[in-house]
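Per-entry structural report
Spelled out, the chains give:
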Amino acid sequence: MSNRASAKPPRKPPDVTHGADEFPPRLFEADKKIRRIAAGLLTCTLPRAAWTHEAHLAAVVTLILEHPELDLEQQLPGIISRFNESVGGVNDDTQGYHETLTQFWIANARAHLGANPAGSLLDRVNGFIASEQGRRDAPLRHYSRDRLFSVEARRHLVEPDLMRFEWAMQDDAPAPKL
């Protein structure tokens, strides 16, 4: 007769969300903090510990909305690389700047903002962060882990291998460049 009380619980299935459910998004409380993150990125004064997933998304949204003079697809790679180095980081084949992820998040933010054109900076940043498009694992719906975390994807923009992008844009909004 087996003792069911001492039986081990069944193993959890593998983590398919890659932390998106384990670590719920941290939303911002004020426009001022969001602008401080974007300014800190541009001036390389943001503390390294403050460069979180949410800070990445807040910076991209803020730069899109409040710095139209920046060509983010062209300039953000240098901005992020410079920031990484300023806080002691390294941009190489395994860490630091990642071209495909950067271009993915710019395009994803543009698509989200195009579909949600109203609201304050705070509302739009938090709306993006809390949306399916802003989830930490959003790129993994389109890219396999092997493809997304390859040296090629880190160095160059690569096309998704799992699912093409279906951007929900207003009729008059340009499609993201990815």
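Definitions and limits used
Residues numbered from 1 in each chain as written. Predicted model: local features only at pLDDT ≥ 70, side-chain atom pairs only at ≥ 80, totals over all residues. Heavy atoms only, no water. pLDDT = per-residue confidence, 0-100. Contact = heavy atoms within 4.5 Å. Salt bridge = Lys/Arg side-chain N within 4 Å of Asp/Glu carboxyl O. Helix = DSSP H or I, 4+ residues; strand = E, 2+ residues; numbered from the N terminus. Buried < 20%, exposed > 50% of the residue type's maximum accessible area, 1.4 Å probe, protein only. Polar contact = N/O pair within 3.5 Å; in protein donor to acceptor, adjacent residues only side chain to side chain. Phe/Tyr/Trp six-rings, centres within 6.5 Å; stacked < 30°, edge-to-face > 60°. Axes fitted to C-alpha atoms, helices over the stretch in contact; angles between N-to-C directions. Parallel < 35°, antiparallel > 145°, perpendicular 65-115°, else oblique. Nonpolar A, V, L, I, M, F, W, Y, C, P; charged D, E, K, R; others polar. Left-handed = near helix turned anticlockwise from the far one by under 90°. Expected span 1.5 Å × (residues − 1).

With that settled, consider the confidence of the model for the protein. Here the protein averages 87 in pLDDT, and 81% of its residues register 70 or above. Here residues 1–18 is a poorly scored stretch, pLDDT under 50, and it has six contacts once near neighbours within four places are set aside; other chains count.

Below, the discussion takes up the pattern of salt bridges. Overall, the coordinates contain 10 salt bridges when judged by the stated rule. Glu54 is the partner of Arg26 in a salt bridge, and the nearest nitrogen-oxygen pair spans 2.6 Å. With a gap of 28 residues between them, Arg26 in the segment before helix H1 (31–43) and Glu54 in helix H2 (residues 53–66) connect regions that are remote in the sequence. With a shortest N-O distance of 2.8 Å, Arg110 and Glu73 are connected by a salt bridge. With a gap of 37 residues between them, Arg110 in helix H4 (residues 99–115) and Glu73 in helix H3 (residues 72–86) connect regions that are remote in the sequence. When salt bridges that share partners are traced, they join Glu132, Arg135, Asp137 and Arg141 into one network.

Its location among the elements puts Thr102 in helix H4. Thr102 gets classed as buried once you look at its relative accessible area, which sits at 9%. At 2.9 Å, the side chain of Thr102 forms a polar contact with the backbone oxygen of His98.

This brings us to helix H5 (residues 121–130). Burial of H5 is extensive: seven of the 10 residues sit out of reach of the surface. Those residues of H5 that fall on the buried side of the exposure criterion are Leu121, Leu122, Arg124, Val125, Asn126, Phe128 and Ile129. Tucked into the core, H5 has its buried residues touching H1, H2 and H4.

Moving on: the packing of aromatic side chains. Scanning all chains against the criterion turns up five aromatic pairs. When the ring of Phe104 is compared with that of Trp105, the centres are 5.0 Å apart and the planes differ by 80°; the resulting orientation is edge-to-face. The exposure classification of Phe104 matches that of Trp105, with both residues buried. Every member of this aromatic cluster is reached through a ring pair, and the members are Phe104, Trp105, Phe128, Tyr143 and Phe165.

Attention now goes to the packing of H1 against H2. The relative placement of two packed helices is expressed as an angle between their axes plus a distance between the axes. Where H1 meets H2, the closest approach of the two axes is 8 Å, and the angle between their N-to-C directions is 90°. As summarised for this structure, H1 and H2 are arranged roughly perpendicular, according to the angle between their axes. From H1, Ile34, Arg35, Ile37, Ala38, Leu41 and Leu42 reach across to H2, where they touch Ala55, Ala58, Ala59, Thr62, Leu63 and Glu66. The residue makeup of the contact of H1 with H2, split by class, is nine nonpolar, one polar and two charged.

The interhelical angle for the contact between H3 and H4, taken along N-to-C directions, is 130°, at an axis separation of 10 Å. Considering the angle they form, H3 stands oblique to H4. The two elements H3 and H4 meet at a crossing, and its hand is right-handed. The residues of H4 that touch H3, namely those facing Leu72, Glu73, Leu76, Pro77 and Ile80, are Glu99, Thr102, Gln103, Ile106 and Arg110. Of the residues belonging to the contact of H3 with H4, the class tally is five nonpolar, two polar and three charged.

We now examine the side chain of Glu54. Judged by its relative accessible area of 2%, Glu54 falls in the buried class. Engagement of the side chain of Glu54 in a polar contact is seen with the side chain of Arg26, the distance being 2.6 Å.

Okay, H4 next. Over its 17 residues, H4 extends 24 Å from the first C-alpha to the last, a length consistent with the 24 Å expected when each residue adds 1.5 Å. Counting buried residues in H4 gives 15 out of 17 residues, a clear majority hidden from the surface.

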